[in-house]
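# Geometric and topological summary
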Amino acid sequence: MWKYIGTKECNDFLLSLNLFNCKDENHYIKTLYSISNNIENNYRIYKIKKRNGKYRTIYEPNPLLKHIQKQILINILNNKTISEYAKAYHKGISLKDNANPHINKDIILKLDIKDFFENISFLNIYNSCFQIEYFPKSVGMLLTTLCTYDDHLTQGSPTSAYISNLVMKDFDEELGSWCKENSISYTRYSDDMTFSGSFNPSDIIKKVRKMLYSLGLQLNSDKIHVVTKNACQTVTGLVVNNKVQVGIKYRKEIRKEVYYINKYGLQSHLKKINIKDKNKYLNSLYGRILYVLQINKNDKEFISYKKIINKIKSDLS
């Protein structure tokens with residue numbers, strides 16, 4: 001389709017995408033290519049500490065590049081469908097949707113893709129998102145460059161999450177079909193894959209390793225977990241042994257805080273735990289209560305906690 005297309009047609013195609021507001025067409029085109037030719041200079045790179053003590057590298061695009069990426073996401077990527085097995089990074093899907101298929105199963109196998117975003121390559125992104133069937137080659141290459149850093153996907157760009165689902169679509173569909181044929185439930189939440197049912201875990205691990213290798217990805221050998229039904233089975237932080245529920249430790253902590261507030265009063269409780277900003281504390285506690293209710297909206301205990309905190313917030317305002 002694009003075999004005989006010239007520079008003018010490619011530029012017109014880019015203009016039609018309206019990636020940022022610019023009335024000067026020449027400046028619009030030059031800006032896009034200038035950013036793509038100096039992509040590393042358009043990011044702020046920093047690290048944030050993870051719960052395990054290690055650090056995650058964040059690549060934050062500058063305001064203009066971030067705006068361009070958002071337009072790419074809205075105008076191009078969101079129009080592409082992802083696999084039903086992908087349970088992260090799109091509207092209408094929650095942690096609960098990722099956990100539901102794995103309720104009350106004999107075995108749960110949890111696998112992790114090592115350095116997921118960093119190992120999704122330029123070529124994988126181009127072929128999955130901006131392929132020649134729909135974009136002139138030069139335009140597709142430019143769009144891919146605008147969504148990558150050092151030829152890989154980044155954590156921090158608006159486009160990265162959805163792109164990862166598009167790159168993994170064929171993988172998810174093939175693996176999901178195989179699992180369905182073998183009466184195994186499968187979901188993927190970003191780099192976390194979950195399998196449940198009755199099976200030999202080594203068979204799945206072997207198959208997944210081979211499939212990931214074809215994408216230039218690999219399993220994280222330190223994060224392979226097999227959990228039987230006589231232990232506490234969790235999927236992305238939610239307990240699934242009998243029903244989807246927030247973990248007991250999380251719930252117990254909220255219960256304890258509400259109890260102390262009721263018994264000693266908010267002021268005395270905050271003084272004891274050395275917290276001065278009561279509004280910030282109440283908003284945090286309220287948010288945790290809402291999270292429990294998001295997973296189980298009919299939980300009478302936490303509905304009562306929601307009412308208690310709402311009344312306290314109302315009295316303070």
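An account of the accompanying structure is given in this report. Since this is a predicted model, take the numbers as computed values, not measurements.

## Digging into helix H3 (residues 63-75)
- End to end, H3 covers 18 Å across 13 residues, agreeing with the expected 18 Å (1.5 Å per residue, within 8%).
- Listing the buried residues of H3 in full gives Leu65, Ile68, Gln69, Gln71, Ile72 and Leu73.
- Packing partners of the buried residues in H3 comprise helix H2 (25-37), strand S1 (43-49), strand S2 (55-61), helix H6 (137-146) and helix H7 (160-167).

## Some thoughts on the nonpolar core
- The biggest cluster of nonpolar side chains holds 62 residues, and the ones touching the most others in it are Ile72, Leu77, Phe130, Phe171, Met193, Phe195 and Val208.
- Per element, the largest residue contribution to this core is five residues, and it comes from helix H9 (residues 201-213).
- Setting aside residues up to four positions removed in sequence, Val208 forms contacts with Leu111, Phe171, Leu175, Met193, Phe195 and Leu219.
- Residues Ala99, Val244, Ile254 and Phe302 belong to the second largest nonpolar core, which totals 24 residues.

## So, the environment of Tyr33
- Within the secondary structure layout, Tyr33 lies in helix H2.
- The exposure class assigned to Tyr33 is partly exposed, which follows from its relative accessible area of 27%.
- The spatial distance from the C-alpha of Tyr33 to the C-alpha of Arg51 is 39 Å, given a sequence separation of 18 residues.
- Not counting the four nearest positions on each side in its chain, Tyr33 is found in contact with Leu14, Ser138 and Leu142.

The rules behind the values
- Residues numbered from 1 in each chain as written.
- Predicted model: local features only at pLDDT ≥ 70, side-chain atom pairs only at ≥ 80, totals over all residues.
- Heavy atoms only, no water.
- Helix = DSSP H or I, 4+ residues; strand = E, 2+ residues; numbered from the N terminus.
- Expected span 1.5 Å × (residues − 1).
- Buried < 20%, exposed > 50% of the residue type's maximum accessible area, 1.4 Å probe, protein only.
- Contact = heavy atoms within 4.5 Å.
- Core = buried A, V, L, I, M, F, W, Y, C linked by side-chain atoms within 4.5 Å.

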